[in-house]
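Structural characterization, general
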Amino acid sequence: MVNREIIRRKLEKLEGNLTKTDFILKRSGNLDEFLQVTNEMKELVKELKAYIEYEPRSANEMNPNIR
């Protein structure tokens, strides 16, 4: 995997944002904070999908019918 380190860091950031949402909900934070964090998470998911899409594909991924 070419972008392994980038993907790992993005996943760690996503994990941190999930922790933030837990904190916001538990302390009855405001809606704006929650929406900001969820928008950041959505953007991170888009970026991760793009990195995964650019990864080289194996022969089996290109043609799953080959055994």
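Our structure's up above, just so we're on the same page.
Below or above, wherever it landed, is the structure these notes cover. (Residues numbered from 1 in each chain as written. Predicted model: local features only at pLDDT ≥ 70, side-chain atom pairs only at ≥ 80, totals over all residues. Heavy atoms only, no water.)

1. Quick notes on the nonpolar core
Judged by nonpolar contacts, Ile-7, Leu-14, Ile-24, Val-37, Met-41, Leu-44 and Leu-48 together constitute the single largest core of seven residues. Contributing elements (two or more residues each) for this core: α1 (4–26) and α2 (31–54). It is α2 that contributes the most residues to this core, four residues altogether. (Core = buried A, V, L, I, M, F, W, Y, C linked by side-chain atoms within 4.5 Å. Buried < 20%, exposed > 50% of the residue type's maximum accessible area, 1.4 Å probe, protein only. Helix = DSSP H or I, 4+ residues; strand = E, 2+ residues; numbered from the N terminus.)

2. Examining α1
With 23 residues, α1 should cover 33 Å at 1.5 Å per step; its first-to-last C-alpha distance of 33 Å lies within 8% of that length. Looking at the buried residues of α1, the elements they touch are α2. (Expected span 1.5 Å × (residues − 1). Contact = heavy atoms within 4.5 Å.)

3. Focus on the side chain of Thr-38
The topology assignment puts Thr-38 in helix α2. The exposure class of Thr-38 is buried, given its relative accessible area of 15%. A polar contact of 2.9 Å, which involves the side chain of Thr-38, links it to the backbone oxygen of Leu-35. (Polar contact = N/O pair within 3.5 Å; in protein donor to acceptor, adjacent residues only side chain to side chain.)

4. What about the environment of Glu-40?
With respect to the secondary-structure elements, Glu-40 resides in helix α2. Taking the C-alpha atoms as reference points, Glu-40 and Leu-14, separated by 26 residues in sequence, lie 8.2 Å from one another.

5. Focus: the environment of Arg-4
Structurally, the position occupied by Arg-4 is in helix α1. Considering only alpha carbons, one finds Arg-4 and Tyr-51, 47 residues apart in sequence, at a separation of 9.2 Å.

6. Observations regarding the packing of α1 against α2
Taken N-terminus to C-terminus, the directions of α1 and α2 make an angle of 160°; their axes are 10 Å apart at the nearest point. In terms of their interaxial angle, α1 and α2 are classed as roughly antiparallel. You can see that α1 and α2 cross each other, and the crossing is left-handed. Across the interface between the two elements, Ile-6, Ile-7, Lys-10, Leu-11, Lys-13, Leu-14, Asn-17, Leu-18, Lys-20, Thr-21, Ile-24 and Leu-25 of α1 pack against Glu-33, Phe-34, Val-37, Thr-38, Glu-40, Met-41, Leu-44, Val-45, Glu-47, Leu-48, Tyr-51 and Ile-52 of α2. (Axes fitted to C-alpha atoms, helices over the stretch in contact; angles between N-to-C directions. Parallel < 35°, antiparallel > 145°, perpendicular 65-115°, else oblique. Left-handed = near helix turned anticlockwise from the far one by under 90°.)

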